[in-house]
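Survey of secondary and tertiary structure
Residue-level listing of the chains:
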Amino acid sequence: MLYCNLNVLPARRLLISPCLVSPRTSCSVAAIQDSDFSSDDCYSTGLTSYRELRDRFRRDVTSNNTRKALETLNTLHGYFPGKCSVHDFNYMTMCYLNSTNVTLDGVHEVYLNMKESPPRPDRLTYEILLNGLISVGGWDDAVLVLDEMIKNSFLPTYREFATLLKALLEVGSVLNAISVIEMMLSTSIYPSQRDVSVVIQALCKYQMIKEAYYLFMVLSDSGFSASTCIYNPILWAMSKCGQPYEVFAFFGLLEKKGLMLTIYSYTALVYVLGKEKMWDEVFHVFDAMGDVGLRPNLITYTNVIKLLCDDAQIGQALHLLETMENNGCEPDLITYNIAIRELCYQGRIDEIYNLLHVINEKGLLCDNYTYAALTGGLLKRGHVDIASRMLFHIISRGYTVDEAIYNIYLHSSCSSGTSREALPIMKSILENGLRPTNVSFNTYLKGLCREKNVDDALKVLDHINSFTNGPDLFSFNTILSAACKKADSAMVRHILIRMENEGIKMNVVSATCLIEYYCAAGKIKCCLRLLESMVVDGPHPNTVSLNTLLVGLCKNQHLGLAKQLFDRLKVGVSPNTASYNILIRAAIQKDNNMLVDELSREMLSRNIKPDASTYGCFIYRLCKQGKILDALYFRDQMRENGISPNIFVYNTLLKAMLNTGRFSAIIPLIKHMEIDGCQPNEGSHVILRRAKMNPLMKRFPGALKFLESIMLGKM
């Protein structure tokens, strides 16, 4: 407050007795005497008239000297009680708000000054404050002024409410907008449907669903008649957030209130049910729509078909597509593209051609999304050759395609191990007036690095600047990973220097690559220094970093160090099943049974479930100890726990049986292997070749013949 602020200044001798003036007057006089005014500005009570003070006040206001104007007005009020009116304060407030150096603290000072002593604020005061604060962007203060206006029995007009509400909505201040609407309702003034709709949609956009629901209930309880544009967005927001029970409850509330439920209301309901895979309820809602005279539209059908495809229910999706057409609702290209994508994912080639034939018959033209759905789905299923031929056909025929299609083509070429053939594709992108994106270059880089063409990848890195904003972190991490796997110190150093020059900081992926490099190169001290830096300064190691470190240390015969670091890091990094598998495998190889048992108990206490590799480690341990029957029992336990034994498990058992002369048990073992869907790999054939060369095998001619059949691929 101004008067309190001025009163703290050092007081000088007053020109009039303090007992003859009010506290407000004494403050003013003390302030005036203490101000650094020139001799002309010093007020003499014997010489200064009311007119002179008023002229001075107006000059101060006009020159935007608010502090000086307040001091003058303060003095005017003290010396000439009753002469200083609310209009003087209103005039000063208006001039101040219109000035270029306005601060909200100054506005508060003037308003609080008026509240504490006469003259009191009038309606015009609030109008000036409200309009001025809106113009300078003081949204929170404008809402407070509106609240003060109501508390002081000055009823705002609808126009004043609407002006502030519009300004708040334009800047996205939705919580303040809710406050304004509540004030409107408290004065029996209803906002427009449009304003409420904008507030609700903004709340739903920012996922403030509880606030949107609260506002709807406040409006509903006040007698406001809400339209579909108010409650449908709330239904959809709940649906998109996966809240089926909340949607059901709100849907029932709308029915109870007798509000009109449209096809979009029902579509929101089937959408959330579909997201939760509650398919019986979805089709029950379809029946309920028919009972109230509503028919699903294109949006309803397309949403449900997409959700069915996301759940791999392509059969039901195609049936619904047929039902849709029978009910007179024509699918568009988007609907067909969704179905085509899922058919490609499932490798149902014949049905894809049938659907493409239907699209052609209906006169629809395939677009980039169709091509992307076709080729992307085929690539996901591993049909790289088919996808590549299809893309080549599309591009060579001159169909208009975008960067996304070219990127898929690049991916298919790189996935098939022919990254060098991707170069013509890059040239084709340029020839068609398109610019390769970072995604294009990164796909190409990944293919080259997968084929260990790291030198070529580095050359590509130099060309990225010509077409994009330069290589990104993914680009560098791709090449850094390949260089670290090769343990090429010169190349690793070159990439790190290049990253520093480009101003690209390492992330946890980059640091994990370096951990792998240091361990592969046997530079354990460098690895430990890097790890310490990651823990202290970042990027903080994650589970992948931990597992990479454990693998590297165990390969370098540092099991003890690996266990120490594991115990230290697991406080901040969550180990997974793979983390324990790495240590258990290394402990078994070192015959450290105490550590194996300790790690097993710790897995159990942390509720970390064993996987096929975990069981494989324990089966290897039992076989190493010659306990074949126990190992077979462990394999059966795997099956009971829903884990299929893999080829590693069977190779371990096979090798142990042959080493211990259990030749007769080989045939049933291989039959079990076939039942579990495991095909012999190169490791299996190596074991079988050694077994065949064993002289003791001649005593088991049946087993020998069986082994020969497997090796010839007849089994």
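Residues numbered from 1 in each chain as written. Predicted model: local features only at pLDDT ≥ 70, side-chain atom pairs only at ≥ 80, totals over all residues. Heavy atoms only, no water.

**Section: the overall build of the chain**
Along the chain, the regular secondary structure elements total 40 helices and 0 strands. By residue count, 48% of the 715 residues in the chain fall in the buried class. Pairs at least 24 apart in sequence give 63% of the contacts found in the chain among residues at least 6 apart. Counting only carbon and sulfur atoms, one obtains 54% of the accessible surface of the chain, whose full area is about 36,300 Å². (Helix = DSSP H or I, 4+ residues; strand = E, 2+ residues; numbered from the N terminus. Buried < 20%, exposed > 50% of the residue type's maximum accessible area, 1.4 Å probe, protein only. Contact = heavy atoms within 4.5 Å. Areas by Shrake-Rupley, 256 points an atom, 1.4 Å probe, with all protein chains shown as cover.)

**Observations regarding the nonpolar core**
Judged by nonpolar contacts, the single largest core of 92 residues is most densely connected at Leu164, Val180, Phe216 and Phe250. Setting aside its immediate chain neighbours within four residues, Leu164 contacts Leu130, Ile134, Ala142, Val143, Leu146 and Val180. In this structure, Val460, Leu514, Ala562 and Leu565 belong to the second largest nonpolar core, which totals 59 residues. (Core = buried A, V, L, I, M, F, W, Y, C linked by side-chain atoms within 4.5 Å.)

**With respect to the environment of Arg58**
Of note, Arg58 is situated in helix 3 (residues 50-62). A sequence separation of 14 residues divides Arg58 from Thr72, and the C-alpha atoms of the two residues are 9.4 Å apart.

**Digging into the pattern of salt bridges**
Within the structure shown, the criterion is met by 22 salt bridges. One salt bridge connects Arg621 with Asp597, and the closest N-O pair in it is separated by 3.6 Å. Separated by 24 residues along the polypeptide, Arg621 in helix 35 (residues 612-624) and Asp597 in helix 34 (residues 593-605) bring together distant segments of the chain. For Asp597, a relative accessible area of 33% puts it in the partly exposed group. In this structure, Asp636 engages Arg635 in a salt bridge whose closest nitrogen and oxygen atoms are separated by 3.2 Å. Judged by its relative accessible area of 29%, Asp636 is partly exposed. Each of Lys563, Asp567, Lys570, Glu598, Glu602 and Arg606 takes part in a single network of salt bridges with overlapping partners. (Salt bridge = Lys/Arg side-chain N within 4 Å of Asp/Glu carboxyl O.)

**A closer look at the side chain of Asn297**
Its location among the elements puts Asn297 in the loop between helix 16 (279-291) and helix 17 (298-310). One polar contact links the side chain of Asn297 to the main-chain amide nitrogen of Ile299, over a distance of 3.2 Å. At 2.7 Å, the side chain of Asn297 and the side chain of Thr300 are in polar contact. The residues touching Asn297, leaving out its near neighbours within four places in the chain, are Ile263, Tyr264, Thr267 and Cys329. (Polar contact = N/O pair within 3.5 Å; in protein donor to acceptor, adjacent residues only side chain to side chain.)

**Topic: the packing of aromatic side chains**
Using the criterion set out here, one finds 13 aromatic pairs in the structure. Measuring from centroid to centroid gives 5.6 Å for Tyr126 and Phe154, while their planes differ by 45°, and the two rings are tilted. Here Phe154 lies in the loop between helix 8 (139-151) and helix 9 (158-170) and Tyr126 lies in helix 7 (residues 123-136), a separation of 28 residues in the sequence. By relative accessible area, Tyr126 is classed as buried at 1%. Relative accessible area serves as the criterion here: at 23%, Phe154 is assigned to the partly exposed category. Ring geometry for Phe216 and Tyr231: centres 6.4 Å apart, planes at 75°, overall edge-to-face. (Phe/Tyr/Trp six-rings, centres within 6.5 Å; stacked < 30°, edge-to-face > 60°.)

**A few points about helix 33 (residues 577-589)**
The end-to-end C-alpha distance of helix 33 is 18 Å, a good match for the 18 Å that 13 residues give at a rise of 1.5 Å each. Counting buried positions over the 13 residues of helix 33 gives 10, a clear majority of the element. Contact partners of the buried residues in helix 33: helix 31 (543-555), helix 32 (559-569), helix 34 and helix 35. Immediately beyond the C-terminal end of helix 33, within one or two residues, lies Asp591, with a positive phi of roughly 60°. (Expected span 1.5 Å × (residues − 1).)

**Structural notes on the packing of helix 12 (residues 209-221) against helix 14 (residues 244-256)**
Where helix 12 contacts helix 14, the two axes come as close as 13 Å, and the packing angle between them is 15°. Judged by the angle between their axes, helix 12 and helix 14 are roughly parallel. With respect to the hand of their crossing, helix 12 and helix 14 are arranged in left-handed fashion. Taken together, the residues of helix 14 that come into contact with helix 12 (itself represented by Tyr213, Phe216 and Met217) are Phe250, Leu253 and Leu254. Residues of the contact of helix 12 with helix 14, tallied by class, amount to 6 nonpolar, no polar and no charged. (Axes fitted to C-alpha atoms, helices over the stretch in contact; angles between N-to-C directions. Parallel < 35°, antiparallel > 145°, perpendicular 65-115°, else oblique. Left-handed = near helix turned anticlockwise from the far one by under 90°. Nonpolar A, V, L, I, M, F, W, Y, C, P; charged D, E, K, R; others polar.)

**Digging into the environment of Leu688**
Structurally, the position occupied by Leu688 is in helix 39 (residues 682-693). When the C-alpha positions of Leu688 and Leu654 are compared, they lie 8.6 Å apart, and in sequence the two are 34 residues distant.

**Comments concerning the confidence of the model for the chain**
The predicted coordinates should not be examined in detail at positions where pLDDT is low. Of all residues in the chain, 75% attain a pLDDT of 70 or more, and the chain-wide mean is 79. Least confident of the elements in the chain is helix 2 (residues 23-34), whose mean pLDDT is 32; most confident is helix 31, at 95. Confidence drops under a pLDDT of 50 for residues 1-47, and excluding neighbours within four residues, the segment shows 58 contacts in the predicted structure. (pLDDT = per-residue confidence, 0-100.)

**Section: helix 34**
An α-helix turns once every 3.6 residues. As a result, residues three or four positions apart point the same way. A rise of 1.5 Å per residue sets the reference length of helix 34, with its 13 residues, at 18 Å; its end C-alpha atoms lie 18 Å apart and thus fit the reference within 8%. Taken together, the buried positions of helix 34 are Leu595, Val596, Leu599, Glu602 and Met603. The buried residues of helix 34 occupy one face: seen down the axis, they fall within an arc of 130°. Within helix 34, the exposed residues directed more than 90 degrees away from the buried face are Met594, Arg601, Leu604 and Ser605. Each element contacted by the buried residues of helix 34 is listed here: helix 32, helix 33 and helix 35. Positive backbone phi, approximately 60°, marks Asn607, located one or two places after helix 34. (Arc of directions from axis to C-beta.)

**Focus: the environment of Ile386**
Relative to the assigned elements, Ile386 resides in helix 22 (residues 384-396). Separated by 11 residues in the primary sequence, Ile386 and Thr375 place their C-alpha atoms 8.3 Å from one another.

**Digging into the packing of helix 8 against helix 9**
Think of two packed helices as two axes; the pair is described by the angle between the axes and how far apart they sit. Interaxial distance between helix 8 and helix 9 falls to 11 Å at its minimum, and their mutual angle equals 160°. What the angle tells us is that helix 8 and helix 9 run roughly antiparallel. The way helix 8 lies across helix 9 gives a crossing that is left-handed. Between helix 8 and helix 9, the contacting residues are Trp139, Ala142, Val143, Leu146, Met149 and Ile150 on the first element and Glu160, Phe161, Leu164, Ala167 and Leu168 on the second. Residue classes in the contact of helix 8 with helix 9 are distributed as 10 nonpolar, no polar and 1 charged.

**Points about unusual backbone geometry**
For the bond from Gly538 to Pro539, the omega torsion is -5°, close enough to zero to count as cis. Within the fold, Pro539 resides in the loop between helix 30 (524-537) and helix 31. Residues other than glycine seldom take positive phi values, yet Ser153 does so here, at roughly 70°. In this fold, Ser153 is placed in the loop between helix 8 and helix 9. A positive phi is found at Asp591, a non-glycine position, where the angle reads about 60°. Structurally, Asp591 is set in the loop between helix 33 and helix 34. Judged by its relative accessible area of 54%, Asp591 is exposed.

**With respect to the state of the cysteines**
Throughout the structure, instances matching the rule amount to 0 disulfides. Cys513 provides the cysteine sulfur closest to Cys484, a residue in no disulfide bond, and the two sulfurs are 5.3 Å apart. (Disulfide = S-S within 2.5 Å.)

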